[in-house]
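# Residue-level structure breakdown
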Amino acid sequence: MVAVVYGGFSSEAEISVQSGKSVASWLRDAGYEVCEVLLEKDCWKAVTPYGDFPVDKNDFSFTAGGVKTVFDNVLIMIHGNPGENGILQAYFELLGIPYTGCRSLCAAIAFDKYACKCFLRDSGVSLADDIFLRKGDRYSPDGIIGRLGLPVFVKPTNGGSSFGTTKVKDACDIDEAIASAFAEGDTVIIEKAVSGREIDCGVYSDGNGVHALPLTEIIPENEFFDYEAKYLGKSREICPAEMDGELAGRISDTAVKIYNRLGCSGLVRMDFIVTGNGEIYFLELNPNPGMTSESIVPKMVRAAGMEMKDFLRSVMEARK
């Protein structure tokens, strides 16, 4: 039996539930026996047609009607803490329970925007200039502008779905943007804004190697690809992205290079900015990308000519 784990402790919990339920449905279509597991701070529970049952954290099992159920595999669909930052992955590794996706160290590095960039600085991948802040650090808006110019993006290093992210065009807005980012976590990254096309690339591994999915161009109605653009339809998503084959190939090759460099496994999604002269800037990597009806990856999979049930089966089977 496969456990699809969703929920979590971050601002993305509601989105995670939607992703998890979508994935659970696709896996059932693929022939898997699936149990949905909801993680909340005060309660872990198996969600079944016969009711909800508490999960024993000692071995990640549950008991219903006197029958104890253990899991053959786990698919983590939590966005944010604790399922995307390596914590839940380490828990399953400690228990020896197989799971699909990035290993704990890889997830921890990939989920932290600053740590991820540090791992890539000598890889030849183009990265926007940045400043790192830990809560309590002193900073000067004038110093930030002097180093990075304007506009800049202010982001929590370990958040997703653009919670706490602000595009700052005026020095007087920097303090408020930094406070908003710190509301999501203890560390913040401030990045020089790079102008260009926003391109997303899904990358996955199966029994035949590592593959890039068709690229998607994001054209947000707002200033950037924020929460409204991602989940409330405030963007156009063109998949496959309209560009010449040489550029598309370079973006896909860069994404696969990053996947291998970080030691990823399973499915991830990467965000890039491509400038007018064709330079490819890496923005961030999502170890557990959204899988709701509005999410990008399912559209990429369909553009590749695959059904989600077959795609997920290939990713799941790669771990065996």
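Residues numbered from 1 in each chain as written. Predicted model: local features only at pLDDT ≥ 70, side-chain atom pairs only at ≥ 80, totals over all residues. Heavy atoms only, no water.

Turning next to the overall build of the chain. A count of helices and strands for the chain gives 10 helices and 19 strands. For the chain, the spread of C-alpha atoms along the three principal axes comes to 65 × 45 × 35 Å. Counting across all 320 residues of the chain, residues that qualify as buried make up 54%. When contacts within the chain are restricted to residue pairs at least 6 apart in sequence, long-range pairs at least 24 apart make up 63% of them. Here the chain contributes 32 positively and 46 negatively charged side chains, and the mean placements of these two sets differ by 2 Å. (Helix = DSSP H or I, 4+ residues; strand = E, 2+ residues; numbered from the N terminus. Buried < 20%, exposed > 50% of the residue type's maximum accessible area, 1.4 Å probe, protein only. Contact = heavy atoms within 4.5 Å. Lys, Arg positive; Asp, Glu negative; His and termini not counted. Charge placed at Lys NZ, Arg CZ, Asp CG, Glu CD.)

Alignment of strand 14 (residues 197-206) against strand 16 (residues 216-220), held across 3 bridges, turns out to be antiparallel. Along strand 16, the bridge assignment pairs Ile-199 with Glu-217. Sheet topology places strand 16 next to strand 17 (residues 235-238); 4 bridges connect them, and they run antiparallel. If you follow Pro-220 over to strand 17, its bridge partner there is Ser-235. (Pairing = 2+ DSSP bridges.)

As a further point, take the environment of Val-17. Relative to the assigned elements, Val-17 resides in helix 1 (residues 13-29). What makes Val-17 partly exposed here is its relative accessible area of 24%. Separated by 12 residues in sequence, Val-17 and Val-5 have C-alpha atoms that sit 8.6 Å apart. With residues up to four places along the chain from it excluded, the contact list for Val-17 reads Tyr-6, Gly-7 and Leu-38.

Our next topic: the packing of helix 4 (residues 113-120) against helix 8 (residues 245-262). Helix packing for two helices is described by the angle between their axes and how far apart those axes are. Close contact between helix 4 and helix 8 brings their axes to 10 Å; oriented N to C, the two are set at 100°. Compared by their axis directions, helix 4 and helix 8 come out roughly perpendicular. In this structure, helix 4 uses Cys-116, Phe-119 and Leu-120 to contact helix 8, whose residues at the interface are Ile-258, Arg-261 and Leu-262. Looking at the contact of helix 4 with helix 8 residue by residue, the class counts come to 5 nonpolar, no polar and 1 charged. (Axes fitted to C-alpha atoms, helices over the stretch in contact; angles between N-to-C directions. Parallel < 35°, antiparallel > 145°, perpendicular 65-115°, else oblique. Nonpolar A, V, L, I, M, F, W, Y, C, P; charged D, E, K, R; others polar.)

Okay, the side chain of Ser-295 next. Position of Ser-295 relative to the elements: it lies in the loop between strand 19 (280-286) and helix 9 (296-303). At a separation of 3.2 Å, a polar atom in the side chain of Ser-295 contacts the main-chain amide nitrogen of Met-291. From its side chain, Ser-295 meets the backbone nitrogen of Thr-292 in a polar contact 2.7 Å long. (Polar contact = N/O pair within 3.5 Å; in protein donor to acceptor, adjacent residues only side chain to side chain.)

The sheet built from 8 strands is open, its strands ordered 6-5-4-3-2-1-7-8 with mixed pairing. Each edge of the sheet is formed by a strand with only one pairing partner; in this case those strands are strand 6 (67-69) and strand 8 (99-100). Here 2 bridges tie strand 4 (residues 51-56) to strand 5 (residues 61-64), and the two strands are oriented antiparallel to one another. Looking across to strand 5, one finds that Val-55 is bridged to Phe-62.

Further remarks concern helix 10 (residues 308-317). Taken as a whole, helix 10 has its buried residues at Met-308, Phe-311, Leu-312, Val-315 and Met-316. Axial view of helix 10: buried residues confined to an arc of 130°, hence all on one face. (Arc of directions from axis to C-beta.)

Next up on the list: helix 6 (residues 174-182). Listed as buried for helix 6 are Ile-174, Ala-177, Ile-178, Ala-181 and Phe-182. Axial view of helix 6: buried residues confined to an arc of 135°, hence all on one face. In this fold, the buried residues of helix 6 make contact with strand 10 (130-134), helix 5 (141-148), strand 11 (152-156), strand 12 (166-168) and strand 13 (187-192).

What follows concerns the pattern of salt bridges. A complete count under the given rule lists 17 salt bridges for this structure. A salt bridge links Lys-117 to Asp-130, with the shortest nitrogen-to-oxygen separation between them at 2.8 Å. In this pair, Lys-117 sits in helix 4 while Asp-130 sits in strand 10, placing the two residues 13 residues apart along the sequence. Residue Lys-117 is classed as buried on the basis of its relative accessible area of 0%. (Salt bridge = Lys/Arg side-chain N within 4 Å of Asp/Glu carboxyl O.)

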